[in-house]
Amino acid sequence: MTTDRAEAADSAARPPRVDAHHHVWDLSVRDQPWTRDLPVLRRDFTMTDLAPELDAHGIDATVVVETVNSADETLELLRLHARDSRVAGVVGWADLTAPDLAGTLDRLRAAEGGTGLVGLRHQVQLEPPGAADGDWLLRRDVAAGLDVLGERGLVFDLIVTAAQLPSAIEAVRRHPGTSFVLDHAGKPPVAAGAVEPWATHIAELAALPNVAVKFSGLLTEAGDGQRDAEHLLPYVRPLLAEFGARRLMFGSDWPVCTLAADYEQTLSITETLLQTLDDADRAAVYGGTAIRWYGPDFGRGAAA
């Protein structure tokens, strides 16, 4: 068997490997204001930049995630899905509070690459604490939007701080018909060396069956001298114990991860932290969970 045929046979035999969380942007098209004080990220990042990393590490498919609350960005990411077979799914943005959210979702799905829409995300981490109507996730207009997502079979990615986890728990509890994914493990306070109350909140969230968690972003939450297994394991153990591998998915958070480590280093430390998993659990974390959680249309409609 030739080398090319052997590689093709191996790829067909093994489960797909998925990077369930990364970003792309072109600053000439849209500014990323949050990068202004982060010079490492103050440039364009494209799939052309990411492709060599995916090839080098056997990553077959990715989920690209919104970076700003912009409907235009979502359309651009869907077009990327249509034109790049590696982009199996898009977690975009739409106004969750809009009365015509259902119509917006229909229009997104009818757009070029619209079959790649697997979920939405909103920058909840930037929302101030609520007043009479509750925190952002618990507002009535947001609740109506979360129900629409559930009806349409779309996931809501939760990008929240550790302090916002109680609101996230309550939102997941109130919407059992909607699937959620907690991004970056809820941003545990690694730099501060604090495990509680984050770990207790993770256990409460994991008790709800309609939420999974992304094994991502831990390196950027760590401080200098903490980006190793010794410092990260106290946060990994609760994730594995409470969620289990079948509700855990790997995401590089590229290129944000480059604030702390390059793609290879990010994947290497992840593999070290998960080295006790058996083959079946590893296959879940590195692909199976993302494929199952993001639904039956995950990966369809991309260019061949």
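Residues numbered from 1 in each chain as written. Predicted model: local features only at pLDDT ≥ 70, side-chain atom pairs only at ≥ 80, totals over all residues. Heavy atoms only, no water.

1. Re the confidence of the model for the protein chain
Here's step 1: Here the protein chain averages 92 in pLDDT, while 91% of its residues score no lower than 70.
Here's step 2: A low-confidence stretch, residues 1-12 stays under pLDDT 50, and its non-local contacts, those more than four residues away or across chains, total 3 contacts. (pLDDT = per-residue confidence, 0-100. Contact = heavy atoms within 4.5 Å.)

2. Looking at the packing of aromatic side chains
A ring pair, where both rings are aromatic, is described by two values, the distance of the centres and the angle of the planes.
Here's step 1: In the structure shown here, the tally under the stated rule is 6 aromatic pairs.
Here's step 2: Look at W25 and F45: their rings are 5.3 Å apart centre to centre, the planes differ by 75°, and that puts the pair in the edge-to-face class. A residue pair is termed long-range when its members are at least 10 positions apart, and W25 in the loop between β1 (18-22) and α2 (47-56) and F45 in the loop between β1 and α2 qualify at 20 residues. For the pair shown, W25 and F45 are each scored as buried.
Here's step 3: Each ring, one from F45 and one from W254, has its centre 5.5 Å from the other, and the planes form 90°; the classification is edge-to-face. (Phe/Tyr/Trp six-rings, centres within 6.5 Å; stacked < 30°, edge-to-face > 60°. Helix = DSSP H or I, 4+ residues; strand = E, 2+ residues; numbered from the N terminus. Buried < 20%, exposed > 50% of the residue type's maximum accessible area, 1.4 Å probe, protein only.)

3. Notes on the packing of helix α4 (residues 101-110) against helix α5 (residues 140-151)
Here's step 1: Interaxial distance between α4 and α5 falls to 10 Å at its minimum, and their mutual angle equals 40°. The angle between the axes of α4 and α5 places the two elements in the oblique class. Considering how the two elements wind past one another, α4 and α5 form a crossing that is right-handed. Mapping the contact onto sequence places L101, A102 and L105 in α4 and G145, V148 and L149 in α5.
Here's step 2: Of the residues contributing to the contact of α4 with α5, the split by class is 5 nonpolar, 1 polar and no charged. (Axes fitted to C-alpha atoms, helices over the stretch in contact; angles between N-to-C directions. Parallel < 35°, antiparallel > 145°, perpendicular 65-115°, else oblique. Left-handed = near helix turned anticlockwise from the far one by under 90°. Nonpolar A, V, L, I, M, F, W, Y, C, P; charged D, E, K, R; others polar.)

4. Brief notes about the pairing of strand β4 (residues 117-122)
Every regular strand shows the same layout, with side chains that alternate between the two sheet faces.
Here's step 1: Counting buried positions along β4 yields 6 of 6 residues, so the element is predominantly enclosed.
Here's step 2: Summarising the sheet, strand β3 (residues 87-92) and β4 pair through 3 bridges and their orientation is parallel. The partner of V91 across the bridge, within β4, is G119.
Here's step 3: A crossover connection joins β3 to the parallel β4 through α4; in handedness this β-α-β unit is right-handed.
Here's step 4: Taken together, the 4 bridges between β4 and strand β5 (residues 155-158) define a ladder with parallel strand orientation. By the bridge assignment, L120 is partnered in β5 with F156. (Pairing = 2+ DSSP bridges. Right-handed = clockwise from strand over helix to strand, strands pointing away.)

5. A few points about the sheet that holds strand β7 (residues 211-215)
Here's step 1: Read from one edge of the open sheet, 8 strands run β1-β2-β3-β4-β5-β6-β7-β8, paired in parallel fashion. If you trace the sheet from one side to the other, it starts and ends with β1 and β8 (248-250), each paired once. The mean inter-strand angle of the sheet, taken between neighbouring strand axes irrespective of direction, is 25°.
Here's step 2: Contacting β2 (61-65), β3 and β4, helix α3 (residues 71-83) runs over the sheet at an angle of about 170° to β3.

6. A look at α3
Here's step 1: Over its 13 residues, α3 runs 19 Å from end to end, which matches the ideal 18 Å to within 8%, given 1.5 Å per residue.
Here's step 2: By the burial criterion, the buried members of α3 are E73, T74, L77, L78, H81 and A82.
Here's step 3: Between the side-chain oxygen of the N-cap and the backbone nitrogen of D72 there are 3.3 Å, and the N-cap of α3 in question is S70. (Expected span 1.5 Å × (residues − 1). Polar contact = N/O pair within 3.5 Å; in protein donor to acceptor, adjacent residues only side chain to side chain.)

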